[in-house]
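# Descriptive analysis of the structure
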Amino acid sequence: ETGVTQSPTHLIKTRGQQVTLRCSSQSGHNTVSWYQQALGQGPQFIFQYYREEENGRGNFPPRFSGLQFPNYSSELNVNALELDDSALYLCASSVGDNYGYTFGSGTRLTVV
Amino acid sequence: DAKTTQPPSMDCAEGRAANLPCNHSTISGNEYVYWYRQIHSQGPQYIIHGLKNNETNEMASLIITEDRKSSTLILPHATLRDTAVYYCIVRRYNQGGKLIFGQGTELSVKP
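Here is a short report on the structure shown in this document. Since we're looking at a predicted model, the values are computed, not measured.

### So, the interface of chain A and chain B
The interface of chain A with chain B comprises 21 residues on the first partner and 22 residues on the second. Roughly 1,500 Å² is buried in total at the junction of chain A and chain B, and carbon and sulfur atoms are behind 47% of that figure. Our count for the contact surface shared by chain A and chain B stands at zero salt bridges. Summed over the shared surface of chain A and chain B, the result is four residue pairs in polar contact (both at pLDDT 80 or more). Elements supplying a minimum of two residues to the side of chain A that touches chain B: strand 4 (31–37), strand 5 (44–50) and strand 9 (87–94) of chain A. If you tally residues by element for the side of chain A that touches chain B, the top one is strand 4 of chain A, at four residues.

### As for the nonpolar core
Residues Leu 20, Trp 35, Leu 73, Leu 75, Tyr 86 and Leu 107 of chain B are the most contacted members of the largest nonpolar core, which totals 21 residues. Secondary structure elements with two or more residues in this core: strand 2 (18–23), strand 3 (31–38), strand 4 (45–50), strand 6 (61–64), strand 7 (70–75), strand 8 (84–92) and strand 9 (105–110) of chain B. With four residues, the single largest contributor to this core is strand 8 of chain B. With near-sequence residues (within four places) excluded, Leu 20 of chain B lies in contact with Met 10, Trp 35, Ser 71, Thr 72, Leu 73, Leu 75, Tyr 86, Thr 105 and Leu 107 of chain B. Judged by nonpolar contacts, the second largest core, of 20 residues, contains Cys 23, Ile 46, Tyr 89 and Leu 109 of chain A.

### Some words on unusual backbone geometry
All names here are of chain A. Here the bond from Ser 7 into Pro 8 is cis, since omega is -10°, no more than 30 degrees from zero. Tracing the backbone shows Pro 8 in the loop between strand 1 (5–7) and strand 2 (10–13). Of note in this structure, Arg 51 is not a glycine but carries a positive phi near 50°. The topology assignment puts Arg 51 in the loop between strand 5 and strand 6 (53–57). Despite not being glycine, Ala 80 has its phi angle at roughly 50°, a positive value. Assessed through its relative accessible area of 42%, Ala 80 is described here as partly exposed.

### Focus: the state of the cysteines
Within the structure shown, the criterion is met by two disulfides over all chains. Across a sulfur-sulfur distance of 1.9 Å, Cys 23 of chain A and Cys 91 of chain A are joined as a disulfide pair. On the S-S bond that ties Cys 23 of chain A to Cys 91 of chain A, the torsion sits near -60°, and the link is left-handed. Pair noted here: Cys 23 of chain A is in strand 3 (residues 19–24) and Cys 91 of chain A is in strand 9, with a separation of 68 residues, a long-range link. Comparing Cys 23 of chain A with Cys 91 of chain A, the two get one shared label, buried. In this model Cys 22 of chain B forms its disulfide with Cys 88 of chain B; the gap between the sulfur atoms is 2.1 Å. One disulfide, between Cys 22 of chain B and Cys 88 of chain B, carries an S-S torsion of -80° and so falls in the left-handed class. In this pair, Cys 22 of chain B is assigned in strand 2 and Cys 88 of chain B in strand 8, connecting sequence segments 66 residues apart.

Definitions and limits used
- Residues numbered from 1 in each chain as written.
- Chains lettered and ligands numbered in written order.
- Predicted model: local features only at pLDDT ≥ 70, side-chain atom pairs only at ≥ 80, totals over all residues.
- Heavy atoms only, no water.
- Contact = heavy atoms within 4.5 Å.
- Buried area = accessible area lost by both parts, 1.4 Å probe.
- Salt bridge = Lys/Arg side-chain N within 4 Å of Asp/Glu carboxyl O.
- Polar contact = N/O pair within 3.5 Å; in protein donor to acceptor, adjacent residues only side chain to side chain.
- Helix = DSSP H or I, 4+ residues; strand = E, 2+ residues; numbered from the N terminus.
- Core = buried A, V, L, I, M, F, W, Y, C linked by side-chain atoms within 4.5 Å.
- Buried < 20%, exposed > 50% of the residue type's maximum accessible area, 1.4 Å probe, protein only.
- Disulfide = S-S within 2.5 Å.

Encoded structure:
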């Protein structure tokens, strides 16, 4: 049973629009990270937050941004959507490396 | 982070042991080996990790060679529900949430 929930599960947006994806982590999980997974590929690291501050970023442009809140929830925002942004977006959280990272089931974003 | 090499696909008969290899010949002394799996349409699931000793938990065993250049994930009695993509990841401990996923091994467990 996953302790990380993501919403919505599916979403369709038009090119140029903006989208906000949400993630709710387990209590005490003060590290949250976001990943993009294109069809047939492994997940690609977007960025991570620790205690509400971004402290690591992958090779993604600034139109990908995020927020982490004190209640262990977080958001991924993507501006100016492009067709290539169509993917599964995954949120992961952990209380520490000894326990691995718990992933949500993801949000499937389709940009048309 | 060290790169890993895994076979793209493997088959295993139900009830038999599944042995999934991973090569990480450039691993550094402070890097751990982590295994995750991803069942279709779900998020990745943590399985196990280790530094240099063999590790076992309720899901699997991890065997790391003495030179640490390769490892094997063992599912002792594979079931149909173990059909998934298995990812071997090498990273430093407490590096935060950045996991570098390769292509992984697609394991098909067949009846």
